Amino acid sequence: HHIDVVFMGIGENGHIAFNDPHEADFHDPKRIKKVALDNVCRNQQVHDGCFRTLDEVPEYAITLTCPTLFSADRIFCVVPSGEKARAVEETVKGPVSEKCPATILRKHPAATMYVDAESGKYIV
């Protein structure tokens, strides 16, 4: 089915929806896939309070691929937390690349990113 709206965040490593840099593919033919989570992403799950220890964090996730997310009519990206400030900076200022999957948002005609003072401190 067509996707009208995607609500997302970005990870400390610039991932979107667990499409970590080593898994992201802007031309992925799949809509959904199993991905291996890198250590930055897994540690973020502990930092965010989703899990108490790294040992509790799954090593894999099921996610929508980058093209599936990008196919939405509107994308709203909300990024609180100073731990994500460098990823926000890379998203806004770095080259569009799978090395920081969130950079693809700059190519979407109707994507909006909301940051707080801490997560946006390097882009002002």
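Use the structure listed above.
What counts, and where the lines are drawn
Residues numbered from 1 in each chain as written. Predicted model: local features only at pLDDT ≥ 70, side-chain atom pairs only at ≥ 80, totals over all residues. Heavy atoms only, no water. Helix = DSSP H or I, 4+ residues; strand = E, 2+ residues; numbered from the N terminus. Rg over C-alpha atoms; globule rule 2.2 N^0.38 Å. Buried < 20%, exposed > 50% of the residue type's maximum accessible area, 1.4 Å probe, protein only. Contact = heavy atoms within 4.5 Å. Areas by Shrake-Rupley, 256 points an atom, 1.4 Å probe, with all protein chains shown as cover. Lys, Arg positive; Asp, Glu negative; His and termini not counted. Charge placed at Lys NZ, Arg CZ, Asp CG, Glu CD. Polar contact = N/O pair within 3.5 Å; in protein donor to acceptor, adjacent residues only side chain to side chain. Salt bridge = Lys/Arg side-chain N within 4 Å of Asp/Glu carboxyl O. Phe/Tyr/Trp six-rings, centres within 6.5 Å; stacked < 30°, edge-to-face > 60°. Lys NZ or Arg CZ within 6 Å of the ring centre and 35° of its normal.

Enquirer: Can you walk me through the overall build of the protein in this structure?
Expert: Helix and strand counts for the protein stand at 3 helices and 5 strands. Start at the N end of the protein and walk to the C end: the helices and strands fall as β-β-α-β-α-β-α-β. Computed over the C-alpha atoms, the radius of gyration of the protein is 14 Å, within 12% of the 14 Å expected from 2.2 N^0.38 for a compact globule of 124 residues. Projecting the C-alpha coordinates of the protein onto the three principal axes gives extents of approximately 40 × 35 × 25 Å. Expressed as a percentage of the 124 residues in the protein, the buried residues total 42%. In the protein, 73% of the contacts between residues at least 6 apart in sequence involve partners at least 24 apart. As displayed, the protein offers around 6900 Å² of accessible surface, 55% of which is attributable to carbon and sulfur atoms. Once the 14 positive and 18 negative side-chain charges of the protein are each reduced to a mean point, those two points are 4 Å apart.

Enquirer: I would appreciate a short explanation of the side chain of H108 in the present structure.
Expert: As for its placement among the helices and strands, H108 is situated in the loop between α3 (85–93) and β5 (111–115). Of the residues examined, H108 reaches a relative accessible area of 8% and is grouped as buried. A polar contact of 3.3 Å, which involves the side chain of H108, links it to the backbone oxygen of F70. Ignoring anything within four residues of it in the chain, the contact list for H108 reads F70, A72, D73, R74 and I75.

Enquirer: Sorry, what's going on with the pattern of salt bridges here?
Expert: When charged atoms on two side chains of opposite charge get close, those side chains can pair. Under the counting rule described, the total for this entry stands at 4 salt bridges. The partner of R52 in a salt bridge is E56, with the nearest N and O atoms 2.9 Å apart. Owing to a relative accessible area of 32%, E56 belongs among the partly exposed residues under this scheme.

Enquirer: Sorry if this is basic, but what is going on with the packing of aromatic side chains here?
Expert: Centre distance and the angle of the planes are the two values used to describe a pair of aromatic rings. In the structure shown here, the tally under the stated rule is 1 aromatic pair. Arranged with centres 5.6 Å apart and planes meeting at 15 degrees, the rings of F7 and F76 form a pair that is stacked. Within this pair, whereas F7 is found in strand β1 (residues 5–8), its partner F76 is found in strand β4 (residues 74–79), the two being separated by 69 residues in sequence. What makes F7 exposed here is its relative accessible area of 68%. For K34, the ring lying beneath its charged end belongs to Y60, and the centroid distance is 4.5 Å. Across the ring face of Y122, the terminal group of R86 is positioned such that the distance to the ring centre comes to 3.6 Å.

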